[in-house]
Amino acid sequence: MPQLDSGPSMNIAIVGAGPAGFYTAEALAALCPGCELDLIERLPTPYGLIRSGVAPDHQTTKTIQQTFERIAQSINLRFIGNVEIDRDISLAELRDAYDVVVLSCGAPHDAPLDIPGHKLRGVYGATAFVGWYNGHPDYAELAPLLDSPGAVIIGNGNVAIDVARILAKSVAELASSDIAAHAMRAIAASRIGDIHIMGRRGPIEAKFTNVELRELGELEEAVALAQPDQIPGALGDGLSPRERREKAKNLECFRLFAAADAAAHRRRIRFQFYARPVAILGAERVQAVRFEPVRIDAGRVAGHGQTFDVPCGLLVSAIGYRIRALGGLPVAETGDRLANAAGKITAGLYVVGWAKRGPSGKIGTNRGDGEDVAQRIKAEESAAGKPGFAALEAMLRRRGVHWSSFTDWKTIEAAEIAAAPAGAPRRKLVRVDEMLALCAK
Ligand SMILES: Cc1cc2nc3c(=O)[nH]c(=O)nc-3n(C[C@H](O)[C@H](O)[C@H](O)COP(=O)(O)OP(=O)(O)OC[C@H]3O[C@@H](n4cnc5c(N)ncnc54)[C@H](O)[C@@H]3O)c2cc1C
């Protein structure tokens, strides 16, 4: 029987092997069967922030990797690791090679903490600090200063809680995690006793989710504390029913924290609200952070004038994320995503995940982005006879770039699992050259 001529298939490059990249590949494979799908990732390891952001002691959350592995192995997807757009090949070159390019490169840079002293030693953005304890190769050499009794974390979202919890957990509590070996050693030897989570607004405005907050009340060697006079008695107006439920549970937690006894605990996690950072103090390294107490007037933060200092040798700022202009593309005014209209940047160029909508939602939120963009690509794009992978490979070869495959990743993963300490899922490799040496074998 003659086959229906559906025309030549598109070749599509997806840039970034985090959740958004995998979900997009899955949706495209379903909607445009026969299209050539290449997933380009700057590291030899896939899964983006699932590997390097999600906390190492939250292994259940990380099981989503199995879904992505299933996608990689069940559709016709070529994983091209260790290739970075703007380092090894430009976006313009990639667009010349492929009919369609989808950017799923995340928004992996910290919003700046622009106050005097932010360049002192001991001051880190959450991207670097979280990347360090999660074994991201970019931050493996960070060696953060954990030798002082005080640590300050600025920010009132779940990333701030993750950082505090990892600093507060005992070695026994971390034993079943996949924390990087260098971070495990450093945290075991750390002198940190007081971890201050500081927020400009109050407990109701804080973006903590209840599960994460509650977990701080269940640590072996640490206690979570709050100031009774900072916990509002009622929720106030303007919240959706869902928000009311979540915030009410959070206030319940804070009341328990406010009644907790700090004595007899090795570490204390101290929540302090209504305080904005104005300066980081220290000669060569951070010694304290200066805060100004504030009140909320008609939704706006207003300063009181006087200040107070919180002594610390470590400061982690977890105040949001920014994107860098990949390939010189325009960034949205918010600074945390590429300018786009419902996932489209221009003909043949699309964006999904954090790079599309900024740092919001849960892992599963990225699935909808992938499905929407796949629909648009199916409706709006067609094969333009571009060479696809053949042209990319030729360029990489000419430039001496060693790209790694999904099979190579499975080799890396097997080595990590084989080296796992007792009770832990894996011991992460944290250097790209070590990973590539394994692949070469
Ligand atoms: C600290 C932290 C903890 C989190 N914890 C949770 C949690 O517990 N539960 C939850 O639901 N969500 C959590 N999230 C959110 C979740 O991780 C994100 O929703 C999700 O990872 C976003 O997916 P993405 O694919 O858009 O970006 P990413 O996961 O960032 O993936 C982007 C990928 O693109 C690659 N890349 C970047 N630039 C280039 C380039 N130029 N060339 C090639 N490749 C490139 C990166 O290496 C990366 O692999 C957390 C986020 C953070 C930061």
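No experiment lies behind these values; they were computed from the predicted model shown.

Participant: Any chance you could explain the overall build of the chain here in plain terms?
Facilitator: Within the chain one finds 16 helices and 18 strands. Taking 441 residues into account, the globule formula puts the C-alpha radius of gyration at 22 Å, and the chain, at 23 Å, falls close to it. With respect to the three principal axes, the spread of C-alpha positions in the chain is 80 × 50 × 40 Å. The 441 residues of the chain split such that 44% are buried. Residue pairs at least 24 apart in sequence account for 76% of intrachain contacts in the chain once pairs closer than 6 positions are excluded.

Participant: Would you take a moment to explain the domain arrangement of the chain for this structure?
Facilitator: As a measure of interface size, the accessible area lost when the parts come together is often cited. Taken domain by domain, the chain comprises domain 1 (11-108 + 323-440) and domain 2 (111-321). Its C-alpha centre places domain 1 at a distance of 31 Å from the equivalent point of domain 2. Taken together, the contact between domain 1 and domain 2 spans 21 residues of the former and 22 residues of the latter. Class assignment for the residues of the side of domain 1 that touches domain 2 results in 10 nonpolar, 4 polar and 7 charged.

Participant: Explanation requested: the packing of helix α6 (residues 126-133) against helix α7 (residues 158-168) in the structure shown.
Facilitator: Packed helix pairs are specified by the crossing angle of their axes together with the interaxial distance, meaning the distance between the axes. Axis separation between α6 and α7 bottoms out at 11 Å; the angle between their running directions is 45 degrees. When the axes of α6 and α7 are compared, the pair comes out oblique. In the packing of α6 onto α7, the handedness of the crossing is left-handed. Together, A126, F129, V130 and Y133 of α6 and V159, D162, V163 and I166 of α7 make up the contact between the two elements. Partitioning the contact of α6 with α7 into residue classes produces 7 nonpolar, no polar and 1 charged.

Participant: When you look at unusual backbone geometry in this model, what are you seeing that I'm missing?
Facilitator: A negative phi holds for most residues other than glycine; trans holds for most peptide bonds. Located in the positive-phi region is N82, a residue other than glycine, with phi close to 65 degrees. Mapped onto the secondary structure, N82 falls in the loop between β3 (77-80) and α5 (91-97). Among the residues examined, N82 registers 22 C-beta atoms within 10 Å and is labelled buried. The backbone of D86 sits at a positive phi, close to 90 degrees, despite the residue not being glycine. Looking at the element boundaries, D86 is found in the loop between β3 and α5. Under the C-beta neighbour-count criterion, D86 is labelled partly exposed, with 16 such atoms within 10 Å.

Participant: Is there a simple way to explain the sheet that holds strand β4 (residues 100-103) in this structure?
Facilitator: Backbone hydrogen bonds hold the strands of a sheet together, and the pairing may be parallel or antiparallel. An order of β3-β2-β1-β4-β18-β17 is seen for the 6 strands of this open sheet, with the pairing classed as mixed. Each edge of the open sheet is held by one strand with a lone partner, namely β3 and β17 (344-346). Shown here is a sheet whose adjacent strand axes are inclined to one another by a mean of 20 degrees, direction ignored. Of the strand pairs in this sheet, strand β2 (residues 36-40) and β3 are connected by 4 bridges, and their pairing is parallel. Bridging across to β3, L39 finds its partner in F79.

Participant: Even after reading the chapter, I still don't get the site of the ligand, so can you show me in this structure?
Facilitator: The immediate surroundings of the ligand are formed by 36 residues, with G16, G18, G48, G106 and G353 found nearest. Of all the secondary structure elements, the ones that give two or more residues to the shell around the ligand are α1 (19-31), α2 (48-52), α7 and α12 (354-357). Its residues assigned to classes, the shell around the ligand shows 18 nonpolar, 12 polar and 6 charged.

The rules behind each value
- Residues numbered from 1 in each chain as written.
- Predicted model: local features only at pLDDT ≥ 70, side-chain atom pairs only at ≥ 80, totals over all residues.
- Helix = DSSP H or I, 4+ residues; strand = E, 2+ residues; numbered from the N terminus.
- Rg over C-alpha atoms; globule rule 2.2 N^0.38 Å.
- Buried ≥ 20, exposed ≤ 12 C-beta atoms within 10 Å, placed from the backbone.
- Contact = placed C-beta atoms within 7 Å.
- Domains from an automatic or database assignment.
- Nonpolar A, V, L, I, M, F, W, Y, C, P; charged D, E, K, R; others polar.
- Axes fitted to C-alpha atoms, helices over the stretch in contact; angles between N-to-C directions.
- Parallel < 35°, antiparallel > 145°, perpendicular 65-115°, else oblique.
- Left-handed = near helix turned anticlockwise from the far one by under 90°.
- Pairing = 2+ DSSP bridges.
- Near = placed C-beta within 6 Å.

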